Structures are given as structure tokens and as C-alpha cells.
Amino acid sequence: MEKQPKVLVTGSGGQIGTELVRALRSMHGTENVLSTDLIPRDRDEGAEGPFAQLDVTDTESFVALLEEHKINHVYHLAALLSSKGEKNIDLTWNINFEAHRKLLAACYSHNVDRVFFPSTIGVYGPTTPRQMTPQFTSFQPSTVYGITKITGELWNQYYKSRYGLDVRSLRYPGVISYEVIPEGGTTDFSVEMFFELKRKGHYVCYLKKDTRLPMIYMPDVIKATLGLMQAEVHQLSTSMGYNLSGFSLTPAELFEELQRYYPEATISYEPDARQQIADSWSETIDDRTASDDWGWQPDYNMQGMVKDMVKHVV
Ligand code: SER
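Residues numbered from 1 in each chain as written. Predicted model: local features only at pLDDT ≥ 70, side-chain atom pairs only at ≥ 80, totals over all residues. Heavy atoms only, no water.

A. Region of interest: the nonpolar core. Among the nonpolar cores identified, the biggest contains 37 residues, and Ile 176, Phe 189, Met 193, Phe 194, Leu 249, Leu 258 and Met 305 are the most heavily contacted of them. Mapped by element, the contributors of at least two residues to this core are α6 (189-200), β8 (202-205), β9 (213-217), β11 (247-249), α8 (251-259), α9 (274-279) and α11 (302-312). Among all residues touching Leu 258, those that are not within four sequence positions of it are Met 193, Phe 194, Leu 197, Val 306 and Val 310. Of all hydrophobic cores here, the second largest spans 29 residues; its members include Ile 16, Leu 24, Leu 228 and Trp 296. (Core = buried A, V, L, I, M, F, W, Y, C linked by side-chain atoms within 4.5 Å. Buried < 20%, exposed > 50% of the residue type's maximum accessible area, 1.4 Å probe, protein only. Helix = DSSP H or I, 4+ residues; strand = E, 2+ residues; numbered from the N terminus. Contact = heavy atoms within 4.5 Å.)

B. View of unusual backbone geometry. Unlike most non-glycine residues, Lys 70 shows phi in positive territory, near 50°. If you trace the backbone, Lys 70 turns up in the loop between α2 (59-69) and β4 (73-76). A positive phi angle, near 45°, is found at Met 132, a position not held by glycine. The residue Met 132 is located in the loop between β5 (114-120) and α5 (144-163) in this model.

C. Inspection of the sheet that holds β11 at higher detail. What the 3 strands build is an open sheet, ordered β7-β9-β11; its pairing is mixed. Lying at the two open borders of the sheet, with one neighbouring strand each, are β7 (174-176) and β11. Neighbouring strand axes in the sheet, compared pairwise and without regard to direction, differ in orientation by 45° on average. When β9 meets β11, the two strands line up antiparallel, connected through 3 bridges. Of the residues in β11, the one forming a bridge with Met 215 is Phe 247. Relative to β11, α11 is tilted by about 80°, and along the sheet it contacts β7, β9 and β11. (Pairing = 2+ DSSP bridges. Axes fitted to C-alpha atoms, helices over the stretch in contact; angles between N-to-C directions.)

D. Inspection of the sheet that holds strand β1 (residues 7-10) at higher detail. Spatially, β3-β2-β1-β4-β5-β6-β10 is the arrangement adopted by the 7 strands of the open sheet, whose pairing is parallel. The strands lining the two open edges of the sheet, one partner per strand, are β3 (51-53) and β10 (242-243). Sheet strands touched by helix α7 (residues 218-230): β4, β5, β6 (167-172) and β10. Its angle to β6, the strand with the most contacts, is close to 155°.

Pasting the structure below:
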């Protein structure tokens, strides 16, 4: 039998972590995947498995876990998202970049042989082409979140070229899922709308109706993340984040699709500060480098995603 990696996941109680930990455990064995989170409670209850409380700014504790569990793969998910980031820029820099920089150094010195770092469409900015945004383009993000993530990507690239550390990264678009509702992001409306329409029949959207943004459904997030992490190193042409997308939608298009399931539902639009962030991001993404390098293909379009989501939203 192939030797299984010993995996550590940070931020495992978050929107992506909760589902990724489960997927990693079914792939590598429950005991081989240590989930960690700042919140001292394993939110992926039911899927029992090793858990440790971890503040990612506490490098000493991170190192102790690497040693104790003989970790060789790290998925470093802990981060603040775009909108929340603007409310506390120093904390966002410390968690999203400084902690990452120190964790990467610890991974290198403790023989971790593969690291995953989630990047984002937030790395783009007003000078980036908004249609079919290319893999290699202009990065002048207007949020601290975007600044930390593009700096993180560059730091990964530096570690790869200078030290040979195998760091891999995806630029996630807005992630739609039903298990853990995202907090503090600009794309959160795409999840909130499902729950509010189901529970209250009305949604007040904080973006304008025609704001188009790239999105992805959680099963495709898991597929992309595991696909990238399982690729052979020679398949990868970049150690920056790979562009990634499932589909693009506007709040009005999502609402229209949801009306097929909730014909009585209503929506109103009250744009807030998040509108400016959304306006600085891409509308559609060219993710052909991911397809060409390691065979990325999404399974869900918007209609397929909505059909599946409504079965699970309660
Ligand atoms: N979902 C994130 C956000 O809205 C984008 O990566 O901040």
C-alpha cells in the first residue's frame, strides 16, 4: 500500500476547511489528518479525528505539532477575508501574511514536503483585465486581503525557487457551499441568498444586481484542491496561485435561478462598501493554465450548483 502523508490543516473549522478535512480523511485515513483551528472545538463533529487548537500566529505551537505528528503535508487555510480584512488591516496582515511567512519557514526547516496556500480573485485589482482574466497579469489589489494574498503567492514562489519547497496555490473565486456559511467576504451574498430566501422569502443584497463575479461550488473546490495537490511536480508550470473558476454570476441571475425553486421570493438591493471591492475584481477568469497543467475541469455550472444547493439548504 502507498505510504499516506501526515497532513495538518489550519483554519479547519472554516467554510473550506470543514469539507476539505473530511475529503482528506477519506483519502488519507482519519488518523493521518490533523485538523487545527483557533476555535477550540472541532466543528467537523461526526467525522472524528485528531484535532488541536492552534493560533497560526503562534509559530512555536505550530512547530510542536509538526514534530509531534511528523507532518509532511500542510494545508494552511486560516485567513481573514476581504471585507472583514478592511476593518482590521494590521490583524489581516499578521494572520494572512506574517503568520504564513513564519509557517513556511517552519515547514522548510521541518522537512514538510508539500504545502497548500489558498489565494483568491482578491489578488486582482483595477488594472487587471476583468474579462477572462489571464493567469499572468497585473496585480494591484485594492484591499489588504488582496495585498496579503499576492504577497503570499510571491513568497511561495520565492521559497520554491530558492529552497525548492513544494508550495501549491489556487486563486479561489467566491465559494458557494451549505455546511459552513462564509463570513467577512465580498462574495458571501451567493450563499446568504439561499438561506435568506428559504427562511424569510426575502433577501437584501449588499451588491448591485448586475455585479458579475466568478464563483465555484464546494465539490469543485475540493476536486481542484486535491487535484492540484496530487499532481506530479513536473506538471506544474507555476508556483504562484493557479487561476480557477467554475462559473460567473450576478446577484440578479442567481436570484432568477432561485425563483424556479422559490417562486414567491423577493429581493432588494442596498449596495454597501463591499460594492467597491467587487468592482475591482474580475468578472470572468481564464483558468486554462490549470486545465493544461493538471487537468482541471469543473463539474458544476450555475444551474447544477443551484439544483444541488437547494436540496441541502434548511
Ligand atoms: N470569497 C472571498 C471574499 O469575498 C474572495 O476570495 O473575500
